[in-house]
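An overview of the molecular structure
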Amino acid sequence: MSTTDKTTPADASGAAPDAAEAARDDAAAAAAGAQLSTAPAEDTGGPVGIGVLGWLRWFWRQLTSMRVALILLFLLSLGAIPGSLIPQTHIDPMKVEKWKQAHAFWVPLAEKLQLFEVYGSVWFSAIYILLFVSLIGCIVPRTWQFVGQLTGRPPGAPKRLDRMPAYTTWRTEAAPDEVLAHARTLLGRRRFRTEAAAGGSSVAAEKGYLREAGNLVFHLALIAILVAFAWGKLYKYEGGKLVLRGKGFSNTLTQYDDFKPGSLFDSDALPPFSFTLDRFDASFEPTGPQRGTARTFKAYVTYSKGAHGTPTQAEIEVNKPLEIDGSKVFLLGHGYAPVVSVTDPTGKVVFRDAVPMLPQDANLTSAGAVKVTDGYVNKDGAKEQLGFSALFVPTFAGEGSGTMFSQFPELANPRLALNAWHGSLGVDSGLPQNVYQLTTSKMQQFKDDSGQPFKQRLALGEEMVLPNGAGTVKFEGIERWATFQISEQPGNGLALGGAVGAVVGLAGSLFIQRRRIWVRAVAGPDGVTVVEMAGLGRSESAKLPEELADLAATLNEQAPTAPEPEPENDSEKSREGERG
């Protein structure tokens, strides 16, 4: 017994086929191999008919071809680049305005190309929809073909098995029916689908149907990812909120500091819940080269669902969000909020509150503004507004030891530096303002006795007396704050499932080999059974001859090789030599 790759030994009777028979056998082998392929052939020609119908058929075949699908996928990737480089209106309108001011020459072109709304633009949507249709148009016919294959049976053996890529043959004393029965049992145990020929002289077996299933899973996973992407972009919401210790947040639109909804998101769909920041803990590396590096951040909150939900305590850490009714609450950052009180010339307290400061470096050097908008009356009896630009450091280096830069993130030696202004803050103009910056276009700065801008650095508990009896400002205490991102991204589960499905499907289509095995057993002229085995794969596979050899060796144990017959006389030897 021998197993060969691309061999053409003599048939069982020893007669060589003529040219016409060989051509027919080659055609049969080619047809058997072609049946292994389930992918529809691409039509690379022009329209198949004349007129509108012909053009439509040609366009559809081009759109559903693999080549066009890959081109559309590449264009979709290119189209996403401007959305990453150019600010988008629905994400940050203020950045869009700044970009327009900095790149005024390109604004008309960018607006015509809808570069400020890339993911909702006509051209991006067209690419997206065409890719979606292309994938569906590719999957539907392949699915029907695959269903047909699952219900079909392996085709019968070609006449000349020795023309298959892998082939082996031997002679045995076992009867043909017995050999074929053992072959069918063996192939069935190896999970081949088997079918006996009508004449009872051969068994056909096929394996590797999951290869096409992998292809279908991969394409379906791509559709799932596209659906998840669209679903998430259209119905997501994302917002940020700075919460002081002891204060709370309710999930309503007016409570957000910033809010970024999807194109089809309805604010009435916000899940009703609220939470209070009970405590915030942070620890930092005290010594060594990593001094000041954050070690832990943790926010302790009490949340409740709905208007009358039961209060529940929870902890939120970085990358460990709190999930409430499908929305996730992420901890993003933290900082300090000096508690400042302001009195008017009569000693009346007109302002007292914790004022959040935004960190400017890793050691939490922070900047902000104190705005007194109501209740202040100057010594002349006129209503005014006060503003203080502020700089806060939790650990001051010391007098004469440097400027206002913090030396460590924790509260070791806090200082608050203030510059004082009076006049109109411009909050009544109707234009939005940054709460952490002071608008001084309609204000005058307080002056000291030497005519210099009035400013002062305060330690905890110290008080600043404004010039000309305008009142006082006191640094009373320090609170902590934390920033949270509240978001809901529908389609994340579908996108994850699609990604996993794409990997599994691709692995199946790459590593599962579709192949067929044929076994033929017929009685030779001398009554000894001649066994032939051949294998054919969809693509070239180095393992096919090995698999056939293993199957043949196992079958040979049940149908052992018979000895070759000896020639009866010299003339018989001569004829045997001629045939050899």
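Residues numbered from 1 in each chain as written. Predicted model: local features only at pLDDT ≥ 70, side-chain atom pairs only at ≥ 80, totals over all residues. Heavy atoms only, no water.

1. Things to note about the overall build of the chain
Definition in use: Counting from the N terminus, the helices are DSSP H or I runs at least four residues long and the strands are E runs at least two residues long. Under the scheme applied here, a residue whose accessible area is under 20% of the maximum for its type counts as buried, over 50% as exposed, and between as partly exposed, the area being computed with a 1.4 Å probe on protein chains only. Whether two residues are in contact is decided by their heavy atoms: any pair within 4.5 Å suffices.
Helices and strands together make up the secondary structure of the chain, namely 11 helices and 23 strands. Counting all 580 residues of the chain, 41% fall into the buried class. A separation threshold of at least 6 residues defines the contact pool for the chain, and within that pool the share at least 24 residues apart is 65%.

2. Quick word on the pairing of strand β4 (residues 202-207)
Let me state the cut-off plainly: Only strands that DSSP links by at least two bridges are regarded as paired with each other.
By the criterion of burial, β4 is predominantly enclosed, with six of the six residues buried. Taking every second residue as pointing to the same face, both faces of β4 are buried, with Ser202, Ala204 and Glu206 on one and Val203, Ala205 and Lys207 on the other. Pairing of strand β3 (residues 193-196) with β4, which is carried by four bridges, proceeds in the antiparallel orientation. Considered in β4, the bridge of alanine 196 is made with valine 203. The turn joining β3 and β4, which pair antiparallel and follow one another in sequence, is formed by five residues; a positive phi near 80 degrees is taken by glycine 200. Across six bridges, β4 lies against strand β22 (residues 515-523) in antiparallel orientation. Note on β22: the bridge partner recorded for alanine 204 is tryptophan 518.

3. With respect to helix α6 (residues 122-151)
How we decide: The span one expects for a helix is its residue count, reduced by one, times 1.5 Å.
Along its 30 residues, α6 runs 44 Å from first to last C-alpha, staying within 8% of the 44 Å computed at 1.5 Å per residue. Where α6 is concerned, the buried positions are Phe124, Ile127, Tyr128, Leu131, Ser134, Leu135, Gly137, Cys138, Ile139, Arg142, Phe146 and Gln149.

4. A look at the confidence of the model for the chain
Note the threshold: pLDDT measures the predictor's confidence residue by residue and takes values from 0 up to 100.
For the chain, mean pLDDT is 84; residues scoring 70 or higher make up 86% of the total. Considering only residues more than four positions removed or in separate chains, one finds that residues 2-24, a stretch of pLDDT under 50, has 31 contacts. Contacts for the low-pLDDT stretch residues 37-42, under 50 throughout, to residues beyond four places or in other chains number 13 contacts.

5. A look at the sheet that holds strand β6 (residues 248-250)
Test applied: Note on geometry: axes are C-alpha line fits, over the in-contact stretch for helices, and angles between N-to-C directions span 0 to 180 degrees.
With antiparallel pairing, the four strands of this open sheet are ordered in space as β6-β8-β9-β10. The outermost strands of the open sheet, each flanked by one partner alone, are β6 and β10 (312-317). Between one strand axis and the next, the sheet turns through 30 degrees on average, direction left out of account. With 11 bridges connecting them, strand β8 (residues 273-284) and strand β9 (residues 294-305) associate as antiparallel partners. Considered in β9, the bridge of serine 274 is made with serine 304.

6. Regarding unusual backbone geometry
Positive phi outside glycine occurs at glutamine 114, with the angle close to 60 degrees. Along the chain, glutamine 114 falls in the loop between α5 (107-112) and α6. One non-glycine residue, aspartate 325, lies in positive phi territory at about 50 degrees. With respect to the helices and strands, aspartate 325 occurs in the loop between β11 (322-324) and β12 (327-343).

7. Here we look at the nonpolar core
Generally speaking, nonpolar side chains in soluble globular proteins are found buried as a group. How we decide: We define the nonpolar core as a collection of buried residues of types Ala, Val, Leu, Ile, Met, Phe, Trp, Tyr and Cys that are connected through side-chain atoms lying within 4.5 Å of one another.
Counting residues in hydrophobic clusters, the biggest one holds 27 residues, and the most contacted among them are Val342, Phe388 and Leu466. Among the elements that take part in this core, strand β16 (residues 385-393) stands out by supplying four residues, more than any other. Excluding residues that lie within four positions of it along the chain, valine 342 makes contacts with Lys348, Val349, Val350, Phe351, Val372, Leu386, Phe388, Thr472 and Val473. One finds Phe280, Tyr303, Ile316 and Phe408 within the second-largest nonpolar core, a separate group that totals 25 residues.

8. Some points on the packing of aromatic side chains
Our working definition: When two rings of Phe, Tyr or Trp (its six-membered ring) have centres within 6.5 Å they constitute a pair, described as stacked for plane angles under 30 degrees, edge-to-face for angles over 60, and tilted for the intermediate range. Note on criteria: charge over ring means Lys NZ or Arg CZ within 6 Å of the ring centre, with the direction from the centre no more than 35 degrees off the ring normal.
A complete count under the given rule lists 19 aromatic pairs for this structure. Measuring from centroid to centroid gives 5.7 Å for tryptophan 55 and tryptophan 58, while their planes differ by 85 degrees, and the two rings are edge-to-face. Taken together, the residues tryptophan 55 and tryptophan 58, both in helix α2 (residues 52-63) and three residues apart, mark about one turn of the helix. The exposure class of tryptophan 58 is partly exposed, given its relative accessible area of 24%. With a centroid separation of 6.3 Å and 70 degrees between ring planes, the pair formed by phenylalanine 284 and phenylalanine 408 is classed as edge-to-face. Taken together, the residues phenylalanine 284 in strand β8 and phenylalanine 408 in the loop between β16 and β17 (415-423) connect sequence positions 124 residues apart. Taking the relative accessible area as the measure of exposure, phenylalanine 284 reaches 6% and is therefore buried. Clustering of aromatic rings is evident, with ring pairs tying together Tyr237, Phe249, Tyr256, Phe259, Phe265, Phe275 and Phe484. Sitting over the ring of phenylalanine 116, lysine 100 keeps its end group 5.0 Å from the ring centre.

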